[in-house]
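Observations on the three-dimensional arrangement
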Amino acid sequence: MTKLLWQLWLVFIKPVWMRWSNALAQQAKLGLALFLAVSSGTALADTAYITCQNGNELSRIDLTEMQETARWPLPGKPAGVAVGTNNNLFTVSADSKTVRRLSMKTGETLSQIILDGGPIGIAADAQRGRLFVSDWYNARLWVLGTTTLEIQAELPTGTSPAGIAISDDGRFVASADKDADQVSVFDAETLHLLHRIAVGIRPFGLRFAPNGLLFVGNVGSNDISLLDAESGKILATVPVGERPYGIAFANNRAFVTNQYANTLTVISLDTLELEATIDVGEYPEGIDVTAEGDVLVIANWFDNTVSFVDPDTLSVIRTLETCDGPRAFGRFLGGGRQ
């Protein structure tokens, strides 16, 4: 009898018991990891950092709760913003010509520099510890170090450069040269100029799509220019709403903010055809998407709100009031509940 029970234990009962105990151990590990993550402030959710030009403030928004968690003073009419690594946030205040490195946790200024010109757009190259800042008045990009913000180089562009984009693979840096009706493309490693590409009228915002192609919003011709940064060729021109400004990508779609139309234009990345038009707040400008691609965040300058859009259902899921004149010109979403 004892031998039979032992065989039953080995063949039937022990495997079940082992699976059950292992499952409990995994659950315990997961619970401990979650507890440690919460207690230590590890990234559990995305956070939005909204520059408010009129109010001279920066709004921090927890995107899990879709609630503002802090509002910090930020003088000099801030507009440009770029989320960096290691708890760093970078902003451009055009009126005071000041670029700042801020703490994402406290809003404290960690370093700053006043640039002699017209700084407006900003992008962070995390791979190389560089910042690119556009100079509206002097047709150039400044290249800054990300710690002390010292000037490392200057890159020539067309007249009135505004938006800056860095490709996801880190190969290219591009600027939208508004009054030259062109885009300048540089090698991000060597900083050599690769192309000057004629686009639509008065390009302002631009961003690289997940497929590596560059989308450029032309505020004067109400369309998007689609570029191949490697060859320097225009691949397509797509009509959108009135005065396109910012561009983001989710669910194999491009989403474009249309300032004068108070809408988002939704474009299929496969066919480049219009899929939908979504009503948002008044004068939408900056747009960004969470790391998971499940929520789009739009800053509505004239009505002081932020719209949250579901890229699957193509609907506004919430509208949140924020500080005066939200612009969020750049990449303004970072990981981590602060």
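Small disclaimer: the values here were computed from a predicted structure and weren't measured. (Residues numbered from 1 in each chain as written. Predicted model: local features only at pLDDT ≥ 70, side-chain atom pairs only at ≥ 80, totals over all residues. Heavy atoms only, no water.)

Scanning the chain from N- to C-terminus turns up one helix and 29 strands. Within the chain, buried positions represent 54% of all 338 residues. Working note: accessible area of the chain is about 14,800 Å², and carbon and sulfur atoms make up 52% of it. (Helix = DSSP H or I, 4+ residues; strand = E, 2+ residues; numbered from the N terminus. Buried < 20%, exposed > 50% of the residue type's maximum accessible area, 1.4 Å probe, protein only. Areas by Shrake-Rupley, 256 points an atom, 1.4 Å probe, with all protein chains shown as cover.)

Let us now look at the packing of aromatic side chains. Aromatic ring pairs are described here by two measures, namely the spacing of the ring centres and the angle between the planes. Counted under the stated rule, the structure contains nine aromatic pairs. Ring centres of Phe204 and Phe329 lie 5.2 Å apart, and the angle between their planes is 35°; this geometry places the pair in the tilted category. Of the two residues, Phe204 is situated in strand S16 (residues 203-208) and Phe329 in strand S28 (residues 329-331); the sequence distance between them amounts to 125 residues. Centre to centre, the rings of Tyr283 and Phe302 are 4.1 Å apart; their planes meet at 10°, and the pair counts as stacked. On the criterion of sequence distance, the pair formed by Tyr283 in the loop between strand S23 (274-279) and strand S24 (284-289) and Phe302 in the loop between strand S25 (296-300) and strand S26 (305-310) is long-range, its members being 19 residues apart. Accessibility expressed as a relative area gives 46% for Phe302, which makes it partly exposed. Chaining the aromatic ring pairs together yields one cluster made of Trp136, Phe204, Tyr245 and Phe329. A cation over a ring is seen here: Arg327 above Trp301, with NZ or CZ 4.5 Å from the ring centre. (Phe/Tyr/Trp six-rings, centres within 6.5 Å; stacked < 30°, edge-to-face > 60°. Lys NZ or Arg CZ within 6 Å of the ring centre and 35° of its normal.)

Attention shifts here to the side chain of Thr98. Of note, Thr98 is situated in strand S6 (residues 98-103). You can call Thr98 buried: its relative accessible area is 3%. In contact with Thr98, other than residues within four places in its own chain, are Thr91, Val92, Ser93, Gln112, Ile113 and Ile114. (Contact = heavy atoms within 4.5 Å.)

Moving on to the confidence of the model for the chain. Residues with a pLDDT of 70 or more make up 86% of the chain, whose mean pLDDT is 90. In the model, residues 8-12 has pLDDT below 50 throughout and makes four contacts with residues more than four positions away in sequence or in other chains. (pLDDT = per-residue confidence, 0-100.)

This model, assessed by the stated rule, comprises one disulfide. The disulfide partner of Cys52 is Cys323, and the S-S distance across this bridge is 2.1 Å. Negative torsions about the S-S bond denote left-handed disulfides, and the value of about 75° found for Cys52 with Cys323 makes this one right-handed. Highlighted residues: Cys52 in strand S1 (residues 46-52) and Cys323 in the loop between strand S27 (315-321) and S28, separated in sequence by 271 residues. The two residues Cys52 and Cys323 agree in class, both being buried. (Disulfide = S-S within 2.5 Å.)

Turning our eyes to something else, we now look at the side chain of Asn300. Its place among the elements puts Asn300 in strand S25. The residues contacting Asn300, other than those within four sequence positions of it, are Val280, Gly281, Glu282, Tyr283, Pro284, Thr305, Val306, Ser307 and Pro326.

As a further point, take the sheet that holds strand S5 (residues 88-93). Read across the open sheet, the five strands follow the order S7-S6-S5-S4-S28; overall the sheet is mixed. For this open sheet the edge positions go to strand S7 (109-114) and S28, each flanked by a neighbour on one side alone. Across this sheet, the average inter-strand angle for adjacent strands is 15°, counted without regard to direction. Across three bridges, strand S4 (residues 78-83) lies against S28 in parallel orientation. Among the inter-strand pairings, Val81 is bridged to a residue of S28, identified as Gly330. (Pairing = 2+ DSSP bridges. Axes fitted to C-alpha atoms, helices over the stretch in contact; angles between N-to-C directions.)

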